[in-house]
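# Architecture at a glance
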Amino acid sequence: MATTARETTRRTSYRVRAQSVEACNCRHGCNCQFGGFPNDGKCEFIIAYEVAEGRFGNVDLGGVRAVVAGKYPGAIHQGNGHVVLFIDEKATDEQVEAFATILSGKMGGMPWEALAGTIGRLEGPVRTPIDFRAEGQHAAIRAGNFLELVTTPLVNPVTGAINEVHITYPNGGFFWNDGSIVTTSSMRAEHGAFRLEWPERFAAVAEVNWTNAA
């Protein structure tokens, strides 16, 4: 019998490897990566995921697409965040529940175990078509009519050449270990009272790996 996220009386093991595309309201470089606080006080972000391979118990998560959009009045670790979770309508009910359970932090594992306590208001999962395209430094994410995120490479203002910039964490980062740094040509989200829009800001494309295994 397949294990589903409803079986929360015990800890369900999971492993996920996914492509991520993230962007925020910080200027290029994102001071959160270095000093722990946003450039301009508040943190507003979009992080999109496409699962390359993963399982939650016996639920196969391969191919699941999801987007997390958030707004925090200060740094994320200071809490009181308003977060909306979008999951592709093509995902099965079991996949939606499993993925949402991982992101809830209830089953442990970083970064979601730490992030759970920072959320003051959570909306979703919102089921909607999600288009996820990422190739090198170029990415285009759309979640129905709610959200759009498009990234382009950083360009040297003197020569016009594309700059390839990475932020790496040799001992492991919070969200990812090696991020290819790009910029946003479009970054917007709207769902009810939730609204954000930040073009030409910090963005990163990376692989992420999550697990609650010891």
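In case you missed it, the structure is sitting above this.
Residues numbered from 1 in each chain as written. Predicted model: local features only at pLDDT ≥ 70, side-chain atom pairs only at ≥ 80, totals over all residues. Heavy atoms only, no water.

## A few points about the pairing of strand β8 (residues 138–143)
Sheet topology note: the strand β7 (residues 130–135)/β8 ladder contains 6 bridges and is antiparallel. Looking at the pairing, arginine 133 lines up with alanine 140 of β8. Counting the residues between successive antiparallel strands, the hairpin from β7 to β8 contains 2 residues, one of them, glycine 136, with a positive phi of roughly 65 degrees. Strand direction decides the pairing type here: β8 and strand β9 (residues 147–152), joined by 5 bridges, are antiparallel. The residue bridging alanine 140 from the neighbouring strand is valine 150, located in β9. In this structure, the hairpin formed by β8 and β9 is closed by a connection of 3 residues, where glycine 144 is found at a positive phi of approximately 50 degrees. (Pairing = 2+ DSSP bridges. Helix = DSSP H or I, 4+ residues; strand = E, 2+ residues; numbered from the N terminus.)

## Regarding unusual backbone geometry
The linkage connecting methionine 110 with the following residue, proline 111, adopts the cis geometry, with an omega of 5 degrees. By the element assignment, proline 111 lies in the loop between α1 (93–104) and α2 (112–115). The phi dihedral of asparagine 80 is positive, around 65 degrees, even though this residue is not glycine. Topologically, asparagine 80 is positioned in the loop between β4 (65–72) and β5 (81–88). One non-glycine residue, glutamate 200, adopts positive backbone phi at about 60 degrees. Tracing the backbone through its elements, the reader meets glutamate 200 in the loop between β14 (194–197) and β15 (202–211). The exposure class assigned to glutamate 200 is exposed, which follows from its relative accessible area of 60%. (Buried < 20%, exposed > 50% of the residue type's maximum accessible area, 1.4 Å probe, protein only.)

## Focus: the state of the cysteines
The final tally for this structure, using the stated rule, is 0 disulfides. Not part of a disulfide, cysteine 26 finds its nearest cysteine sulfur in cysteine 30, a span of 3.8 Å. With a relative accessible area of 1%, cysteine 26 lands in the buried category. (Disulfide = S-S within 2.5 Å.)

## A few points about the pattern of salt bridges
For the coordinates displayed, the defined rule picks out 13 salt bridges. Measuring nitrogen to oxygen at the nearest pair gives 3.3 Å for the salt bridge that ties arginine 17 to glutamate 207. One end of the pair, arginine 17, is in strand β1 (residues 14–24); the other, glutamate 207, is in strand β15, with 190 residues separating them in the sequence. In this structure glutamate 207 comes out as partly exposed when scored by relative accessible area, which is 41%. (Salt bridge = Lys/Arg side-chain N within 4 Å of Asp/Glu carboxyl O.)

## Focus: the packing of aromatic side chains
As enumerated under the stated definition, the model contains 9 aromatic pairs in all. Relative to tyrosine 72, the ring of phenylalanine 45 lies with its centre 6.2 Å away and its plane at 25 degrees, an arrangement referred to as stacked. Here the residue phenylalanine 45 occupies a position in strand β2 (residues 43–56), and tyrosine 72 occupies one in strand β4, the gap between them amounting to 27 residues. The exposure class assigned to phenylalanine 45 is buried, which follows from its relative accessible area of 10%. Ring geometry for tryptophan 112 against tryptophan 210: centres 5.4 Å apart, planes inclined by 90 degrees, an arrangement best described as edge-to-face. You can see tryptophan 112 sitting in helix α2 and its partner tryptophan 210 sitting in strand β15, a full 98 residues away along the chain. Connected via pairs of aromatic rings, a cluster forms that spans Tyr49, Phe99, Trp112 and Trp210. Directly above the aromatic system of phenylalanine 194 lies the positively charged group of lysine 71, at a separation of 5.8 Å from the ring centroid. (Phe/Tyr/Trp six-rings, centres within 6.5 Å; stacked < 30°, edge-to-face > 60°. Lys NZ or Arg CZ within 6 Å of the ring centre and 35° of its normal.)

## Some points on the nonpolar core
Counting residues in each nonpolar core, the largest one holds 41 residues, and the members touching the most others are Leu61, Ile102 and Trp210. Counting residues per element, the ones that place at least two in this core are β1, β2, β4, β5, α1, α2 and β15. Apart from the residues within four sequence positions on either side, isoleucine 102 is in contact with Tyr14, Val16, Phe56, Leu61, Trp112 and Trp210. (Core = buried A, V, L, I, M, F, W, Y, C linked by side-chain atoms within 4.5 Å. Contact = heavy atoms within 4.5 Å.)

Keep in mind these values describe shape, not function.
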